[in-house]
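# Working through the structure, step by step
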Amino acid sequence: MNNVTHLSGYNNFVLPFMIGMIFVLSCCAIGAVRVILELPASDKKKFFLSLINPKIMAQNVRDWFCDCLFHVKLWKRNKLLGYMHSSIAFGWFMIILLGHIEVFLYTPDRIHKLWYPIFFRYFVAVNDNTMQGSFFFFLMDFFLLIILSGILLALVKRVRSRAFGMRRTTRLSFTDRIGLYSLWLIFPLRLLAEGFTADISGGSFLTMSLNHVLHSFLGSEMNMLPTWWAYSLTLGTFMCILPFSRYMHIPAEILLIPMRNAGILITHSRKGVSRLYVHTCPGCGVCIDACPMGAVKANNKDATVYLNRQLKRGNQRRINEISEKCLLCGKCSAVCQVGVEGDKLRIAQRTQIKYNLSPDYSKIDVNSLINTNNIFVNTANKNVSYTENKKVLYFAGCMTSLTPSIRKSMVSILNKSGVDWRFMDEEGGICCGRPMWMAGRLEQAKQMAEKNTEIIKTSGADMLLLSCPICYRIFKERYSLEGVEVLHHTEYIDRLVSEGRLNLSRSDTRYVYHDPCELGRGCNIYEQPRHVVSAVGELVEAAKNGKESVCCGGSLGSLTLGFDKRKPLTENALANLTAGSPDAIVTACPLCQSTFGRYSDRPVKDIAQIVDENS
Amino acid sequence: MNEIVVIIGGGIAGLEAARQLLALGHSPIVIEKSDHLGGHVADWHKLFPDMKPAKDIVDELVSSSKDANIFLHTEISFINRLKDRYNIMLSNGISITSRYILFTTGFRLFDAAKKEEYGYGVYNQVITNQDLEKWFNTSKDSRIDNSAMKAVGFVHCVGSRDEKARNTQCSKVCCITAIKQAIELKEKFPDAEIYCFYMDLRLFGKKFEDFYIKAQRDCGIHFIRGRVSEVSENIDGKVIVKAEDTLAGRPMKVTLDLLVLMSGMVCNPDSTRVAGMMSLPIDSDGFLRSTDNVSRNTVSPKNGIFYAGACTGPKTVPETLAEARSAVLEIHNSIISRR
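Basis of the calculations
Residues numbered from 1 in each chain as written. Chains lettered and ligands numbered in written order. Predicted model: local features only at pLDDT ≥ 70, side-chain atom pairs only at ≥ 80, totals over all residues. Helix = DSSP H or I, 4+ residues; strand = E, 2+ residues; numbered from the N terminus. Buried ≥ 20, exposed ≤ 12 C-beta atoms within 10 Å, placed from the backbone. Contact = placed C-beta atoms within 7 Å. Rg over C-alpha atoms; globule rule 2.2 N^0.38 Å. Core = buried A, V, L, I, M, F, W, Y, C linked by C-beta atoms within 7 Å. Domains from an automatic or database assignment. Nonpolar A, V, L, I, M, F, W, Y, C, P; charged D, E, K, R; others polar. Pairing = 2+ DSSP bridges. Axes fitted to C-alpha atoms, helices over the stretch in contact; angles between N-to-C directions. Expected span 1.5 Å × (residues − 1). Parallel < 35°, antiparallel > 145°, perpendicular 65-115°, else oblique. pLDDT = per-residue confidence, 0-100. Right-handed = clockwise from strand over helix to strand, strands pointing away.

## A few points about the overall build of chain A
Secondary structure assignment for chain A yields 30 helices and eight strands. On the principal axes, the C-alpha backbone points of chain A span a range of 100 × 50 × 45 Å. Counting the 615 residues in chain A, one finds 47% classified as buried. Contacts in chain A between residues far apart in sequence, at least 24 positions, make up 76% of those at least 6 positions apart.

## Structural notes on the overall build of chain B
The helix and strand inventory of chain B stands at eight helices and 20 strands. In summary, chain B has a C-alpha radius of gyration of 21 Å against a globular reference of 20 Å for 339 residues, a match within 12%. Each principal axis of the C-alpha atoms in chain B carries an extent, and together these give about 65 × 35 × 35 Å. Taking all contacts inside chain B whose residues are at least 6 apart in sequence as the whole, residues at least 24 apart take part in 66%.

## Observations concerning the nonpolar core
If you look at the biggest cluster of nonpolar residues, it comprises 157 residues, and the most contacted ones within it are A:Y394 and A:L464. Setting aside its immediate chain neighbours within four residues, A:Y394 contacts A:M410, A:L414, A:W421, A:F423, A:M424 and A:L465. Grouped together as the second largest cluster of nonpolar side chains are 96 residues, B:I88, B:V126, B:V231 and B:V328 included.

## Remarks on the domain arrangement of chain B
Residues and elements named next belong to chain B. What the domain assignment reports for chain B is domain 1 (4–106 + 268–338) and domain 2 (112–265). Taking only C-alpha atoms into account, the centre of domain 1 sits 31 Å from that of domain 2. Taken together, the contact pairs 11 residues of domain 1 with 18 residues of domain 2. Residue composition of the side of domain 1 that touches domain 2, grouped by class: five nonpolar, three polar and three charged.

## Some thoughts on the interface of chain A and chain B
The interface of chain A with chain B comprises 10 residues on the first partner and 12 residues on the second. Contributing elements (two or more residues each) for the side of chain A that touches chain B: α20 (397–402), α21 (404–416) and α29 (590–599) of chain A. Class assignment for the residues of the side of chain A that touches chain B results in three nonpolar, five polar and two charged.

## Examining the pairing of strand β16 (residues 239–245) of chain B
All names here are of chain B. Pairing between strand β15 (residues 228–233) and β16: five bridges, direction antiparallel. Of the residues in β16, the one forming a bridge with S232 is I240. The turn linking β15 back onto β16 is made up of five residues, and G237 within it adopts a positive phi angle of 80°. Relative to strand β17 (residues 250–256), β16 runs antiparallel, the two being bridged by seven bridges. Across the sheet, V241 pairs through a bridge with V254, a residue of β17. From the end of β16 to the start of β17, which pair antiparallel, there are four residues, and G249 there has a positive phi angle of about 70°.

## A short note on the sheet that holds strand β7 (residues 584–587) of chain A
All names here are of chain A. Strand order across the open sheet formed by four strands is β6-β5-β7-β8, with parallel pairing between neighbours. Since the sheet does not close on itself, it has two edges, and those belong to β6 (538–540) and β8 (604–606), each with one partner. In this sheet, neighbouring strand axes are inclined to one another by 40° on average, regardless of whether the strands run parallel or antiparallel. In this structure, strand β5 (residues 510–513) lies alongside β7, joined through three bridges in parallel fashion. In the strand pairing of β7, Y511 is matched with A584. On the sheet, α29 packs against β7 and β8 and is oriented at approximately 170° with respect to β8.

## Concerning α21(A)
All names here are of chain A. Spanning 13 residues, α21 covers 18 Å between terminal C-alpha atoms, matching the ideal 18 Å at 1.5 Å per step. Every buried residue of α21 is accounted for by P404, S405, I406, R407, S409, M410, I413 and L414. Downstream of α21 by one or two residues, G418 has phi in the positive range, about 65°.

## Topic: the sheet that holds strand β14 (residues 222–225) of chain B
Sheet strands line up and pair through hydrogen bonds in the backbone, either parallel or antiparallel. All names here are of chain B. Pairing is parallel across the open sheet formed by five strands, whose spatial order is β11-β18-β12-β13-β14. The open sheet terminates on both sides in strands that have one partner only, identified here as β11 (126–128) and β14. Across the sheet, the mean angle separating the axes of adjacent strands is 25° when strand polarity is ignored. Note: β11 against strand β18 (residues 258–263), three bridges, orientation parallel. The partner of T128 across the bridge, within β18, is L261. Contacting β12 (151–158), β13 (193–198) and β18, helix α5 (residues 174–188) crosses the sheet at an angle of about 170° to β12.

## Concerning the packing of helix α9 (residues 134–159) of chain A against helix α11 (residues 205–217) of chain A
All names here are of chain A. In contact at an axis separation of 7 Å, α9 and α11 are set at 85° when each is read in the N-to-C sense. Classified by the angle between their axes, α9 and α11 sit roughly perpendicular to one another. For the pair formed by α9 and α11, the contact residues are D141, L144 and L145 on the first element and F205, L206 and T207 on the second.

## Details of the confidence of the model for chain B
In low-pLDDT segments, the atomic positions of the prediction should not be examined closely. For chain B, the mean per-residue pLDDT works out to 93, and 100% of the residues sit at or above 70. Here the predicted complex carries an ipTM of 0.81, next to a pTM of 0.86.

## Some thoughts on the environment of B:K55
Residue and element names in this part refer to chain B. By secondary structure assignment, the location of K55 is in helix α3 (residues 54–64). Classification of K55 by C-beta neighbours within 10 Å gives partly exposed; the count is 16. Sequence spacing of K55 and V41 is 14 residues, and the spatial spacing of their C-alpha atoms is 7.9 Å.

## Remarks on the confidence of the model for chain A
Of the residues in chain A, 95% reach a pLDDT of 70 or more, and the chain-wide mean stands at 89. In the model, residues 1–5 of chain A has pLDDT below 50 throughout and makes two contacts with residues more than four positions away in sequence or in other chains.

## Quick word on unusual backbone geometry
Residues and elements named next belong to chain B. Omega for the peptide link from F48 to P49 comes to 0°, which places this bond in the cis form. Secondary-structure assignment places P49 in the loop between β3 (46–47) and β4 (52–53). A positive phi angle, close to 55°, is found at M51, a residue other than glycine. Backbone geometry at S139 places phi at a positive 60°, although glycine is not the residue there. Within the element layout of this structure, S139 appears in the loop between α4 (129–138) and β12. Exposure remark for S139: the 9 C-beta atoms within 10 Å place this residue in the exposed category.

## A short note on α9(A)
Taking 1.5 Å per residue as the helical rise, α9(A) with its 26 residues ought to reach 38 Å, and the 38 Å between its terminal C-alpha atoms agrees with that figure. Close packing links the buried residues of α9(A) with α6 (79–106), α10 (174–201) and α11 of chain A.

## Description of the environment of A:I525
All names here are of chain A. Within the element layout of this structure, I525 appears in the loop between α26 (520–523) and α27 (527–536). Along the backbone, I525 and T560 are 35 residues apart, and their C-alpha atoms lie at a distance of 28 Å. Not counting the four nearest positions on each side in its chain, I525 is found in contact with H488, T490, E491, L519 and G520.

## Focus on the pairing of strand β2 (residues 27–31) of chain B
Within β2(B), four of the five residues are buried, leaving the element largely enclosed by the surrounding structure. Crossover handedness for the path strand β1 (residues 4–8) of chain B to helix α1 (residues 12–23) of chain B to β2(B): right-handed.

## Focus: the environment of B:N293
Residues and elements named next belong to chain B. Inspection of the secondary structure assignment puts N293 in the loop between α7 (269–277) and β20 (305–307). Assessed through the 11 C-beta atoms surrounding it within 10 Å, N293 is described here as exposed. Sequence separation between N293 and T177 is 116 residues, and the spatial gap between their C-alpha atoms is 25 Å.

Okay, structure coming up:
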């Protein structure tokens, strides 16, 4: 009987696999079409054009290999985690690929049978022809071994996640659990199935040896069919549960990569890229450890991974709660292995929350804010003597106005360096718009941006200088100020020093530099402030810094976090900063400075202050 | 029945307690960290509501408690508990054994520089209530220019009732102090416009309300309900204050020659330190915690340890003095019941 089925290349046990396969493929196809259809027309065009752009396509292919198969980012984070994921992903990919190559080479007449490469060893009997492929037998066994080692690590990780650099992991949902267990079972069952048939189909070091072991005490061939059935059933279960579980991230990431490379941004709270992000989230829980709110255990459930889960479930109450609570520090996005932008996803949710108040700023008359103080009249400042004659407009913003020592230091630095500068908002100004943007009030933010743009254009400035990263980010990201260079004071001071216009004296003071969220993760400025700090003293690094710097807890991002709830977050951030026992804390954001100043046991200064003191 | 009582702090509460203990025949030992007695009140010029010179009160207290053992420039190095008494080691090397310790450690003025938006320590024309009192006493402060005093502002609740400054308690005396100081300034500079920026006025004490009415009606002091949002400086070195007039419902901006910040009372870190040596509890407002805030507010949860004055919370001068007497009575009763 076996011979017959072997020859026909079909057995009923392939059915669970086929059902699962067809189901998952159709789900993915429907999902992909849905996401693409939901994109705004301009984004759709952008996406399709990117697919014929060779440069972007090359990037796509590179990202597919590096992110989906090799998990390069995970390797950088933790070698064990990286090995666990890439062994399963790449190993599985190779087994599928090699399976198809085998079929193509030895039984090309059966390539049209979708299940054939998966169950190849059941249908093929060893003969001179197939034995030429002992090289493939070896490779198949080799990759199966790699996968099995990955699965073993996954089992260890369930028990001891700390060994993998994870303090906290996600609580799995029911479907995630089924997916997980079936995934664990697939490969051991495949090994067993192939082990039973290795004497007929042929095999290599793993399957052949197992075959000898099995036959020594389980002589009957009767075990063959049930194990192949079990293998097919677990495969089918995994694929049927996949669209409802976190394993949806596997196909979703394949689509997310070209979308991201095409430069498509979130435009809707749920549709399009937002939907894709939600499904790309693998639920790994790296964001739980990263979240600065995690300093209080009760906030663990507000990490991005749970936002994504609630978005899948459509639990509106929790979605709003999580979205409004977040500090928008962006650390979850920075550490996310698949590039889910948790902060932007939350802002998109906030746009949907209705408030009673919706102010209109379009009626503000900017003429009252434009005066001789902030307009560059055609004559350059008489006291200025330097070659590069840029007209600098300094926008202090509300936070710098509330920290007058920073403003005073900035004025002093600008005068010392002989810069031709004017205050944009000495007599009061219009908000930069970033707080409104963070609150999801995009329309109001745009109205403010328009008004400020008008003032800046009228002033005739060549450069806009900001000392608050919150302002800086929105001026950089959302304003169109052609011909006006937008600089944060850390960049500008660094430039003044390197051009020799500002001379600094170095002291022995040990400074730790705190990367403000909006400046570091927000605008990618890490190097310039460190240059400046190193020029005035000894730079000490915090335990976590740069991309992984910890939010001070004072962020404007959170709409609901009360003052008392922020204290432990600030204390946690301070503990991180003072790990290297510095003499003083230096930051480049007035909000971070005043937040830390409240609880710090040592001086907290803005970079402008230490530069002014040492120049 | 002569009993040694160690009094920690030589402010008005400590002196009043020493005086009363002497009168009852005990031997008080006053330990004072600074070089003078009288604490904060010694720095003050006149006291509301009758404008009695603070010096008179302090002098009177000092002279009537001079028979007590007084250690100036002395701190507590450590305290350990023996069987039924305490061994107190002083920084000058002397150790005292006593059954009774009275905390009269007082308060510390909130560091106004922590409210950076008000510009204390940043702008030259911004001073605190304490600086102003010292100036009343000495007429010496480089920041105050007698010739140019056209407009003065007072900011109430600096570091009081302010969650962001980590102090939610009301400092009790600043409302009336601001009014008193405003009247005093107005008397010195009759042409000056004086503004008080307040959240609400808490004028609970004897004749406080009369003071307020006098300030408004007779002195023409402007009371503006609203918090100051931002202070800046103009080219002439004057301070520009932005605030919201919440009664008129509009923002306002005034240029001032002097801005006085009404710094509130916070717990003295020294009293927390000494309390820590004996594991005395700290209340949620950061001050020392009495056994009962209603009926036994001078009694600590530990045997033989008593409190008086602002170490348990902001208090006025008469309240502090009354509490010192009350604590002495508790101690005296305890001494008697022992026999």
